[in-house]
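Now for the letters of each chain:
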Amino acid sequence: DIQMTQSPSFLSASVGDRVTINCKASQNINKYLNWYQQKLGEDPKLLIYNTNNLQTGIPSRFSGTGSGTDYTLNISSLQSEDVATYFCLQGSSRPLTFGSGTKLEIK
Amino acid sequence: EVKLQQSGDELVRPGASVKMSCKASGYTFTDYAMHWVKQSPGQGLEWIGAIIPLIDTTNYNQKFKGKATLTADKSSNTAYMELSRLTSEDSAVYYCARYNSGYYFDYWGQGVMVTVSS
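Calculation notes
- Residues numbered from 1 in each chain as written.
- Chains lettered and ligands numbered in written order.
- Predicted model: local features only at pLDDT ≥ 70, side-chain atom pairs only at ≥ 80, totals over all residues.
- Heavy atoms only, no water.
- Helix = DSSP H or I, 4+ residues; strand = E, 2+ residues; numbered from the N terminus.
- Rg over C-alpha atoms; globule rule 2.2 N^0.38 Å.
- Buried < 20%, exposed > 50% of the residue type's maximum accessible area, 1.4 Å probe, protein only.
- Areas by Shrake-Rupley, 256 points an atom, 1.4 Å probe, with all protein chains shown as cover.
- Lys, Arg positive; Asp, Glu negative; His and termini not counted.
- Charge placed at Lys NZ, Arg CZ, Asp CG, Glu CD.
- Patch = residues over 30% accessible without salt bridge, like charges linked within 9 Å, V, L, I, M, F, W, Y side chains within 5 Å.
- Salt bridge = Lys/Arg side-chain N within 4 Å of Asp/Glu carboxyl O.
- Pairing = 2+ DSSP bridges.
- Axes fitted to C-alpha atoms, helices over the stretch in contact; angles between N-to-C directions.
- Disulfide = S-S within 2.5 Å.

Engineer: Break down the overall build of chain A for me, citing the residues and quoting the values.
Structural biologist: Counting its secondary structure elements, chain A contains zero helices and 11 strands. When the helices and strands of chain A are placed in sequence order, the string is β-β-β-β-β-β-β-β-β-β-β. For 107 residues, the compact-globule estimate of 2.2 N^0.38 gives 13 Å, and the C-alpha radius of gyration of chain A, at 13 Å, lies within 12% of that figure. Projected onto its principal axes, the C-alpha positions of chain A cover 35 × 25 × 25 Å.

Engineer: For the overall build of chain B, give the residues involved together with the corresponding values.
Structural biologist: In terms of helices and strands, chain B carries zero helices and 11 strands. Across chain B, helices and strands are ordered from the amino to the carboxyl terminus as β-β-β-β-β-β-β-β-β-β-β. Reported as C-alpha extents along the three principal axes, the dimensions of chain B are approximately 40 × 25 × 25 Å. The proportion of buried residues among the 118 residues of chain B is 49%. Carbon and sulfur atoms make up 48% of the accessible area of chain B, which totals about 5,500 Å². Charge separation in chain B, taken as the distance between the mean sites of 11 positive and 11 negative side-chain charges, equals 4 Å.

Engineer: Now, about a nonpolar patch on the surface: what can you tell me, with residues and values included?
Structural biologist: All names here are of chain B. A contiguous nonpolar surface patch, about 290 Å² in accessible area, is contributed by I52, L54 and I55. Turning to its location among the elements, L54 is positioned in the loop between β5 (44–52) and β6 (57–60). Residue L54 is classed as exposed on the basis of its relative accessible area of 54%.

Engineer: Describe the sheet that holds strand β7 (residues 62–67) of chain A, and please don't skip the residues or the numbers.
Structural biologist: All names here are of chain A. Strand order across the open sheet formed by four strands is β1-β3-β8-β7, with antiparallel pairing between neighbours. Of all the strands in the sheet, the pair left with one neighbour each is β1 (4–7) and β7. Shown here is a sheet whose adjacent strand axes are inclined to one another by a mean of 15°, direction ignored. Of the pairings in the sheet, the one linking β7 to strand β8 (residues 70–75) comprises six bridges and is antiparallel in character. By the bridge assignment, G66 is partnered in β8 with Y71.

Engineer: Run through the state of the cysteines, naming residues and quoting values.
Structural biologist: All names here are of chain B. Within this structure, the stated rule accounts for two disulfides over all chains. Note that C22 is cross-linked by a disulfide to C96, the S-S spacing being 2.1 Å. An S-S torsion of about 75° defines the bridge between C22 and C96 as right-handed. Of this pair, C22 sits in strand β3 (residues 18–25) while C96 is found in strand β9 (residues 92–100), placing the two residues 74 residues apart along the sequence. Residue C96 is classed as buried on the basis of its relative accessible area of 0%.

Engineer: Describe unusual backbone geometry, and please don't skip the residues or the numbers.
Structural biologist: With an omega of -5°, the peptide bond between A:S7 and A:P8 qualifies as cis. Along the chain, A:R94 connects to A:P95 via a cis peptide bond; the corresponding omega equals 0°. Tracing the backbone through its elements, the reader meets A:P95 in the loop between β9 (84–90) and β10 (97–98). Even without glycine at this site, A:K31 takes up a positive phi of about 70°. Positive phi is not limited to glycine here, since B:N77 has a value of about 55°. Tracing the chain through its elements places B:N77 in the loop between β7 (68–73) and β8 (78–83).

Okay, structure coming up:
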């Protein structure tokens, strides 16, 4: 199974800050890396698919980069509505596996 | 509008089984695989398995073989997951999610909270 190591587990930042969240795969996942946002009590929402493709309707302040085993979600200017838990999902091979999540808070 | 409507929360006894549903609307049910995901405080998010409704083919995470059984009813556009021999370790929120052929989940249900308690 591919292990996904996500960091940090917790992040506190100010409105307007640039935020970076990382996922590292235990082997090459060929850019099949997806990012989700989950607000408290809600179902996950797809933000970025296959490393750097912005899902329809998602604000452009969200972006993704990466290749091989290392992937990053960036929020260019943090907004108050971005408070949520973010997690990654690798779609390269079965079983599909998730990162452990990053809880993002406003400072 | 794509929507995955899951059945209600469940309180079940240890050793019992539970069957939950996921009704799809807003798209052609047989065009997409349906996956199931477990979310628990202790284990985070875990992929359970998937079903391709068009051909009734299933694929399970080895960890959930014997625990979860996935089925689908094309006539009602509904996917089902049955969990058997429940223990406290099965207490979690269970989601269905539509799998886009581009290797990601694009829509999720609202989740079913299963509580296993005597």
